[in-house]
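# Coordinate analysis (summary)
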Amino acid sequence: MSDRVNRIEVSATMAITAEALKMKAQGIDLADFGAGEPHFNTPEHIKQAAIKAIENNFSRYTAVAGVPQVRQAIVDRHAADFKSNYTVEECVFTTGGKLALFNAVQALVDHGDEVILPVPYWVSFKDIIQYAGGTVVFVESKESENFRVTAAMIEAAITPKTKAIILNTPSNPSGAVVSPADLEAIVRLAHAKGIYVLLDECYVYLTFTGEVVSGGSFTECKEHIVILGSLSKTYAMTGWRAGFALGPKQIISAMSKLQSQSTSNTASMVQQASIAALTASQECVSEMRADYIKLRDRILEGFKTIPGLTCTVPQGAFYVYPNVKAFIGKGGITSASDLAAKLLTEAHVVVVPGDAFGTTEHIRLSYAVSADVIDKGVVRIREYLAKLN
């Protein structure tokens, strides 16, 4: 195999999902907290827009970057919500937010370039950087400070080789949110030093603090900002594969060029569905966000019934990242990965080990599930951990 393929690993979340699907196919009842996927169905008006597009034979190739209407809808939505000032030419529509990230890193990062990445991090960040030949510079956040990422932490990691900084806020896996003040400071610092900030805003609309901020709001710094967005989590459209990037025209053009030699355009009917999602009432987003807060509180209350398990309070997204250090070394458990494997095979609970996110004492659970699944899962985890000696 090529060196670049050998530099990366299979996505841990996808591997866990595959194993869970095998067990489900065998008829095993699982409490599944593995995949980061909304439990809601795609809103009806979005589905109907796709159906209408198919019925109207809107199923041919489009421009690689997407039809002008979907890019305008993205630009307008972002401007309305965050006071950004992007143009259609500064937007590319991609087959999911992950492709936007992949293409942005490929367009910007060369061998030897350093990319700053806060820990814990989403599983794909590290591998995508390494695939491009870049060097990952990890910035460790503190659990005691709710995994907060500050401008001072980022500044301390900058070297002459720093090409980019990746920020994911709210964070997958911790649910931590970069404060508006720190976000602005990081963006301005990077701009002053000529460093690019890749802002993964996949969960930006699932922020629970009441202060929803985008790095794109700091328009005087847009020359060094690339917004990476997704409709997957915001509108419960994971399987639709609808993502986008906003950034300087030169970078967006480079990403589009790369896309022209890989996926070409995103499915044409998905573009029409995305226009409906972005331009219609956003009440569905508010309703989903309110439900996630209730589910977060429910699982955190459940964790309080498990002696030895501690967890920070997520400020966004739909994940909890409990610390399981107290159980490592008990009952033959040697690591968080080992615990996750035993929870799956013995307790029938699906979680993702923290090793995939850069820490060794945590597991990640997605609470984008029904209240019943949360209750069932908490009971199973509590009973399993209670048996460890």
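Structural notes, computed from the coordinates. Bear in mind that the values here come from a model prediction, so they are computed numbers and not experimental data.

Moving on: the overall build of the protein. A count of helical and extended segments in the protein gives 13 helices and 12 strands. Whereas a compact globule of 389 residues would reach a radius of gyration of roughly 21 Å, the protein reaches 21 Å, a difference of no more than 12%. Along the longest, intermediate and shortest principal axes, the C-alpha atoms of the protein span 60 × 55 × 45 Å. Across the 389 residues that make up the protein, the buried fraction comes to 56%. Look at the contacts in the protein between residues 6 or more apart in sequence, and 75% of them connect residues 24 or more apart. For the protein, the exposed area adds up to about 16,300 Å²; of that, 52% sits on carbon and sulfur atoms.

Its place among the elements puts Ile154 in helix H7 (residues 151–157). The exposure class of Ile154 is buried, given its relative accessible area of 0%. Setting aside residues no more than four positions away along its own chain, Ile154 makes contact with Ile116, Pro118, Val149, Ile165 and Ile186.

Turning our eyes to something else, we now look at the nonpolar core. One finds Phe33, Tyr235, Tyr292, Ile299, Leu365 and Tyr367 to be the most contacted residues of the largest nonpolar core, which totals 90 residues. When residues in this core are grouped by element, the largest group, 8 residues, is from helix H11 (residues 283–303). Not counting residues within four places of it along the chain, the set of residues in contact with Leu365 comprises Phe33, Ile299, Phe303, Phe318, Tyr319, Val320, Pro322, Val351 and Ile381. One finds Ala20, Leu101, Ala104 and Tyr121 within the second-largest nonpolar core, a separate group that totals 41 residues.

A few words on the sheet that holds strand E11 (residues 352–353). The sheet built from 3 strands is open, its strands ordered E9-E12-E11 with antiparallel pairing. Of all strands in the sheet, those bounded by a partner on one side alone are strand E9 (319–320) and E11. As paired strands, E11 and strand E12 (residues 363–366) are joined by 2 bridges and run antiparallel to one another. Within E12, the position partnered with Val352 by the bridge is Arg364.

What follows deals with unusual backbone geometry. Across the junction of Val119 and Pro120, the peptide omega takes the value 5°, indicating a cis bond. Here the residue pair Thr169 and Pro170 is connected by a cis peptide bond, since its omega of -5° sits within 30 degrees of zero. Within the secondary structure layout, Pro170 lies in the loop between strand E5 (162–168) and helix H8 (180–193). In this structure, Ala317 takes a positive phi of about 60° despite not being glycine. Among the structural elements, Ala317 can be located in the loop between H11 and E9.

Parameters and conventions
- Residues numbered from 1 in each chain as written.
- Predicted model: local features only at pLDDT ≥ 70, side-chain atom pairs only at ≥ 80, totals over all residues.
- Heavy atoms only, no water.
- Helix = DSSP H or I, 4+ residues; strand = E, 2+ residues; numbered from the N terminus.
- Rg over C-alpha atoms; globule rule 2.2 N^0.38 Å.
- Buried < 20%, exposed > 50% of the residue type's maximum accessible area, 1.4 Å probe, protein only.
- Contact = heavy atoms within 4.5 Å.
- Areas by Shrake-Rupley, 256 points an atom, 1.4 Å probe, with all protein chains shown as cover.
- Core = buried A, V, L, I, M, F, W, Y, C linked by side-chain atoms within 4.5 Å.
- Pairing = 2+ DSSP bridges.

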